[in-house]
Amino acid sequence: MGPPPLNCSHALRSSLLRADDGEPLFIAGLALGFELAGQTSRVARARALLREAGLADVEAARRQVALPAGRWLSRPCSDGTVPETAAKKTEKAGRGSDLGPEVEAGGLSPIGPLEVALILGLCGPAFYAPDRPLIWSEARLSRRLVLYRCSEFYDKSP
């Protein structure tokens, strides 16, 4: 290997930072945090919210609650490091620290603490997927995450 020959040319069509049309490839969609809110544990609070909603178990909640569709990448964040787009949505929702902005499907609709607990239970270390096993643990529910939707990454040219 060595430098490319003089008759070889390379063109950059896309970047991990921005696509050709200027749209970012990773769009911050949800910022999630689930607080204790007077309970002894986050799992106890999630179960109490489940009972208050009149749902028998988490599988019934998965069927009834509108969860984000598709796979989303997840990244940990602290209070001061929430991306600007997610922070603006949180302010618009008018919700406290419980959550998170909203799902970006068609418009802004605030999600409540039960939905946040369900989404965090479906998040693994790197991504969220609605078809994953739902696990409520203190570790999962205590995480603060930002979910990112991936736009088109692969080059569409022939």
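Look up: the structure comes first, before these words.
Undergrad: Would you mind going over the overall build of the protein chain in detail, with residue names and values included?
TA: Looking only at helices and strands, the protein chain has five helices and six strands in total. N-terminal to C-terminal, the α/β element order of the protein chain is β-α-α-β-α-β-β-α-β-α-β. Pairs at least 24 residues apart make up 65% of the contacts formed inside the protein chain by residues separated by at least 6 positions. If you sum the accessible surface of the protein chain, you get close to 9,700 Å²; carbon and sulfur atoms cover 56% of it.

Undergrad: With reference to specific residues and values, describe the sheet that holds strand E6 (residues 145-150).
TA: Strand order in this open sheet of four strands is E1-E6-E2-E5, and the pairing throughout is antiparallel. On the outer flanks of this sheet lie strand E1 (26-32) and strand E5 (127-128), each paired with one strand and no other. With two bridges joining them, strand E2 (residues 72-76) and E5 adopt antiparallel strand pairing. When the bridges of E5 are listed, Leu73 appears paired with Phe127. Packed on one face of the sheet, helix H4 (residues 113-121) meets E1, E5 and E6 and runs near 120 degrees to E1.

Undergrad: Could you give me a rundown of the pattern of salt bridges, with the residues and numbers involved?
TA: A pair can form between side chains of opposite charge whenever their charged atoms are brought close. One pass over the full model with this rule turns up two salt bridges. Arg144 serves as the salt-bridge partner of Glu35, at 2.7 Å between the closest nitrogen and oxygen. Here Glu35, found in the loop between E1 and helix H1 (42-52), pairs with Arg144, found in the loop between helix H5 (138-142) and E6; they are 109 residues apart in sequence, far enough to count as distant.

Undergrad: Just give me the short version of the environment of Pro133, but keep the residues and values in it.
TA: When you line up the elements, Pro133 lands in the loop between E5 and H5. Through-space distance from the C-alpha of Pro133 to that of Leu122 is 6.5 Å; in sequence the pair is eleven residues apart. Once residues lying within four places of it in the same chain are set aside, the contact partners of Pro133 are Arg62, Gly121, Leu122 and Arg140.

Undergrad: Now, about the pairing of E6: what can you tell me, with residues and values included?
TA: Sheet topology places E1 next to E6; six bridges connect them, and they run antiparallel. Each residue of the ladder has a partner; that of Leu32, found in E6, is Leu145.

Undergrad: Could you give an account of unusual backbone geometry, naming the residues involved and the relevant values?
TA: In this structure, Ala37 takes a positive phi of about 50 degrees despite not being glycine. Considering the arrangement of structural elements, one finds Ala37 in the loop between E1 and H1. The class for Ala37 is exposed, based on a relative accessible area of 56%.

Undergrad: Now, about the side chain of Arg62: what can you tell me, with residues and values included?
TA: When you line up the elements, Arg62 lands in helix H2 (residues 58-64). Those residues in contact with Arg62 that lie beyond four places of it in its chain are Leu67, Leu122, Pro130, Asp131, Arg132, Pro133 and Leu134.

Parameters and conventions
- Residues numbered from 1 in each chain as written.
- Predicted model: local features only at pLDDT ≥ 70, side-chain atom pairs only at ≥ 80, totals over all residues.
- Heavy atoms only, no water.
- Helix = DSSP H or I, 4+ residues; strand = E, 2+ residues; numbered from the N terminus.
- Contact = heavy atoms within 4.5 Å.
- Areas by Shrake-Rupley, 256 points an atom, 1.4 Å probe, with all protein chains shown as cover.
- Pairing = 2+ DSSP bridges.
- Axes fitted to C-alpha atoms, helices over the stretch in contact; angles between N-to-C directions.
- Salt bridge = Lys/Arg side-chain N within 4 Å of Asp/Glu carboxyl O.
- Buried < 20%, exposed > 50% of the residue type's maximum accessible area, 1.4 Å probe, protein only.

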